[in-house]
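Notes for the structure review
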Amino acid sequence: MCSITQIRMIKDSIAENRCEQLAVSGVQSLTPYQPGKPISELARELGITSIVKLASNENPLGPSPKVVEKLQQELTDINRYPDGSGFELKNALASKLKISVDQITLGNGSNDVLEVIARTFLAAGEKAVYSQHAFAVYPLIVQAIGALGVCVPASDGTNGPCFGHDLVAMAFQASDNCKMVFIANPNNPTGTYSNDQSLQRFVDAIPSKVIIVIDEAYYEYIDAQDYPHSLALLQSHPNLIITRTFSKAYGLAGLRVGYSVSSAGVAGLLNRVRQPFNVNSLALAAAHTAVNDADYVQMSKRLNKQGLTQLSKGFEDLNVDYISSVGNFICFNCGHDNASVFNRLLTKGIIVRRVDNYQLPQYLRVSVGLEDENSRFLDALKTVLQSK
Ligand SMILES: *Cc1c(COP(=O)(O)O)cnc(C)c1O
């Protein structure tokens, strides 16, 4: 109930146009997520049409033709609400992943699932742990709830790859009065991953009252022999939640579909908290088609592998340091000039991503594109670096 004084204070702050101060304190100190610059925006600014966007880790192949065909059939039904249970998509995922349907929670992109997880398990004042240089969405959702984010310094190469998660230090923090821990595997923007042994040790060390979130947004791209089989850990670790997405290798970033796999008990909770129709009908139909479109994912994987090789070799030829990546992107070192390199690439119609907000002030991140897009980027980078 509001007291007269409280009502007066609220009225005053509205009158003085200080509504911002009405926001809960965690929200007031939020730094907004910075998305990659859209092609249309750069086109407006520079009046150029030939633009290569390598800024948001999107699939450069374009959507699968099978998905486009399915979407055309679905269009005539958009007067209906979507299937709120996601029956067909969940069944397709369950049989592909050899899990049970009731272990799945669908979301409006995996970001939505991550937020639902935080809202389900984290209360204001509780502690959540993530790594330095880790995906920017974790601190955002933690802070919005008023929970306390603890950022653990990245590995120096002793426990895990340089710039990657230090799972030993993270286990230490996560065992100390903590509610949730986020592991990006591989991490964006560094492209580093935690291997099976280190992840096994980590999950074994974490108390069962701590929710462990493993974000596998780039799962489909990874071939490394020692990449963890995280789903196999679910049996013995009911506090584990694995998130994946259709935004990257499946090429559906614009439609927004992601999911988590967990114990049925945890999924039951998440499904109570999520919005009833959080995944729209076009997204459900497209993702269902995409799950069974193995050729498209294979093609995306092959293209990405060639692109990673092309970009790495390009950086080596230019004597540019980069962080070895298993994702569909690479961070490269521009020294103290990263802002100016970023801007000069823009004037050449190349959009990459600044990662200053990830405490990587000397780096830029480039997503793997088509072969000629990668070449255009490398040529532009060469010109920019030579004219320094
Ligand atoms: C791209 C990305 C996601 C996926 O986000 P969606 O909401 O599924 O599009 C999740 N986690 C990480 C680390 C990512 O880089």
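Overview of the structure.

Calculation rules
- Along each chain, residues carry numbers from 1 onward, in the same order as the chain's sequence is written.
- Local features are withheld for residues below a pLDDT of 70 in this predicted model, meaning they are given only at 70 or higher, and side-chain atom pairs are given and counted only at 80 or more; totals for whole chains, interfaces and linings count all residues.
- With hydrogens and water stripped out, all remaining heavy atoms of the structure feed into the side-chain values.
- Where helices and strands are cited, they refer to DSSP runs of H or I of at least four residues and of E of at least two residues respectively, numbered from the N terminus.
- Expected span of a helix, by definition, is 1.5 Å for each gap between consecutive residues, and there is one gap fewer than residues.
- Per-residue accessibility, obtained with a 1.4 Å probe over protein chains only, is compared with the maximum for each type, and a residue is labelled buried under 20%, exposed over 50%, and partly exposed between these values.
- Two strands qualify as a pair provided that DSSP identifies no fewer than 2 bridges between them.
- Think of a polar contact as two N or O atoms within 3.5 Å of one another; within protein, one of them needs to be a possible hydrogen donor and the other a possible acceptor, and neighboring residues in sequence only count if both atoms come from side chains.
- In these notes, a set of buried Ala, Val, Leu, Ile, Met, Phe, Trp, Tyr and Cys residues joined through side-chain atoms within 4.5 Å is what counts as a nonpolar core.
- Handedness is read with the strands pointing away from the viewer; a crossover is right-handed when the path from the first strand over the helix to the second is clockwise.
- The rule for a salt bridge is simple: a side-chain nitrogen of Lys or Arg has to be within 4 Å of a carboxyl oxygen of Asp or Glu.
- Throughout, near means a residue has at least one heavy atom within 4 Å of the molecule or strand.
- Each accessible area value is a Shrake-Rupley result obtained with a 1.4 Å probe; residue values ignore everything except the protein chains displayed when judging cover.
- The disulfide criterion used throughout: a pair of cysteine sulfur atoms within 2.5 Å.
- Simply put, an axis is a line fit to the C-alpha atoms, just over the touching stretch for a helix, and the angle between two N-to-C directions goes from 0 to 180 degrees.
- Residues count as neighbours in contact if any of their non-hydrogen atoms are within 4.5 Å of one another.
- An angle counts as roughly parallel when it lies under 35 degrees, as roughly antiparallel when it exceeds 145, as roughly perpendicular when it falls between 65 and 115, and as oblique in every other case.
- Two helices crossing with the near one rotated counterclockwise from the far one by less than a right angle form a left-handed crossing, whereas a clockwise rotation gives a right-handed crossing.
- Note that Gly is not counted as nonpolar here; it falls among the polar residues with everything else outside the nonpolar set of Ala, Val, Leu, Ile, Met, Phe, Trp, Tyr, Cys and Pro and the charged set of Asp, Glu, Lys and Arg.

**Things to note about helix 6 (residues 110-121)**
What sets the pattern is the α-helix's 3.6 residues per turn: residues three or four places apart point alike. When the terminal C-alpha atoms of helix 6 are compared, their 17 Å separation across 12 residues agrees well with the 16 Å that a helix rising 1.5 Å per residue should span. Considered for burial, the residues of helix 6 that qualify are Ser110, Asp112, Val113, Leu114, Val116, Ile117, Ala118 and Phe121.

**What to know about the sheet that holds strand 13 (residues 363-367)**
Strand order in the open sheet formed by 4 strands is 9-10-13-12, with antiparallel pairing between adjacent strands. Among the strands making up the open sheet, the edge pair consists of strand 9 (322-323) and strand 12 (353-354). As paired elements, strand 12 and strand 13 share 2 bridges and run antiparallel to each other. Across the sheet, the residue bridging to arginine 354 is leucine 364, located in strand 13.

**Brief notes about the side chain of glutamine 132**
By the secondary structure assignment, glutamine 132 is in the loop between strand 3 (127-131) and helix 7 (137-145). A polar contact of 2.9 Å, which involves the side chain of glutamine 132, links it to the backbone nitrogen of alanine 154.

**Details of the nonpolar core**
The biggest cluster of nonpolar side chains holds 45 residues, and the ones touching the most others in it are Leu89, Leu93, Val181, Phe202 and Phe246. Val116, Ala136, Ile211 and Val355 belong to the second-largest nonpolar core, a separate cluster that totals 31 residues.

**Some thoughts on the pairing of strand 3**
The buried count for strand 3 comes to 5 of 5 residues, which makes it a mostly enclosed element. In strand 3, alternate side chains face the same way, and those of Lys127, Val129 and Ser131 on one face and Ala128 and Tyr130 on the other are all buried. In this sheet, strand 4 (residues 148-152) lies alongside strand 3 in parallel orientation, the contact comprising 5 bridges. Note on strand 4: the bridge partner recorded for tyrosine 130 is cysteine 151. A crossover links strand 3 with its parallel partner strand 4, the connecting element being helix 7, and its sense is right-handed. By the bridge criterion, 2 bridges tie strand 3 to strand 5 (residues 180-184) in an arrangement that is parallel.

**Remarks on the pattern of salt bridges**
Counted by the stated rule, this structure contains 12 salt bridges. Glutamate 74 is the salt-bridge partner of lysine 70, the closest N and O atoms lying 3.6 Å from each other. With lysine 70 and glutamate 74 both in helix 4 (residues 65-74), this residue pair falls 4 residues apart, about one helical turn. Residue classification places lysine 70 among the partly exposed positions, given a relative accessible area of 25%. Overall, glutamate 74 belongs to the buried group, its relative accessible area being 19%. One salt-bridge network, held together by shared partners, links Lys37, Glu41 and Glu45.

**Topic: the site of the ligand**
For the ligand, the full set of nearby residues is Gly109, Ser110, Asn111, Phe135, Asn188, Asp215, Ala217, Tyr218, Thr245, Ser247, Lys248 and Arg256. Here serine 110 contributes a backbone N or O atom positioned 2.7 Å from an oxygen atom of the ligand. Here a nitrogen atom of the ligand and a side-chain polar atom of aspartate 215 are 2.6 Å apart. About the coverage of the ligand: the protein hides 94% of its 390 Å² of free accessible area.

**A short note on the state of the cysteines**
Applying the stated criterion to the full structure yields 0 disulfides. With no disulfide of its own, cysteine 162 lies 14 Å from the sulfur of cysteine 331, the closest cysteine sulfur. Residue cysteine 162 is classed as partly exposed on the basis of its relative accessible area, which comes to 41%. Note on cysteine 178: no disulfide assigned, nearest cysteine sulfur contributed by cysteine 151 at a separation of 13 Å. Residue class for cysteine 178 comes out buried when judged on its relative accessible area of 6%.

**What to know about the sheet that holds strand 4**
Sheet architecture is open: 7 strands sit in the order 2-8-7-6-5-3-4, paired in mixed fashion. With partners counted over all chains shown, the strands left at the sheet margins are strand 2 (104-107) and strand 4, one partner each. Across the sheet, the axes of successive neighbouring strands diverge by a mean angle of 20°, strand direction being ignored. Lying over the sheet, helix 7 contacts strand 3, strand 4, strand 5 and strand 6 (211-215), oriented at roughly 160° with respect to strand 5. Where helix 10 (residues 264-273) meets the sheet, its contacts fall on strand 2, strand 7 (240-245) and strand 8 (258-261), and the angle it forms with strand 2 comes to roughly 30°.

**Points about the packing of helix 13 (residues 338-347) against helix 14 (residues 371-386)**
Packing of helix 13 against helix 14 brings their axes to within 10 Å, and their N-to-C directions diverge by 125°. Considering the angle they form, helix 13 stands oblique to helix 14. Judged by the sense of rotation from one axis to the other, the crossing of helix 13 with helix 14 is right-handed. Seen from helix 13, the contacting residues are Val341, Arg344 and Leu345; seen from helix 14, they are Phe377, Ala380, Leu381, Val384 and Leu385. Its residues placed into classes, the contact of helix 13 with helix 14 shows 7 nonpolar, no polar and 1 charged.

**Brief notes about the environment of asparagine 333**
When you line up the elements, asparagine 333 lands in strand 10 (residues 329-333). Separated by 288 residues in the primary sequence, asparagine 333 and glutamate 45 have C-alpha atoms spaced 27 Å apart. Those residues in contact with asparagine 333 that lie beyond four places of it in its chain are Val320, Asp321, Gln362 and Tyr363. Within the structure, the side chain of asparagine 333 is placed 2.7 Å from the backbone nitrogen of glycine 335, a separation counted as a polar contact.

**Quick look at the side chain of asparagine 328**
Tracing the chain through its elements places asparagine 328 in the loop between strand 9 and strand 10. Taking the relative accessible area as the measure of exposure, asparagine 328 reaches 1% and is therefore buried. Within the local environment of asparagine 328, its side chain forms a polar contact with the backbone oxygen of asparagine 57, the two atoms lying 2.9 Å apart. With near-sequence residues (within four places) excluded, asparagine 328 lies in contact with Asn57, Glu58, Tyr218, Tyr221, Asn304, Ser367 and Val368.

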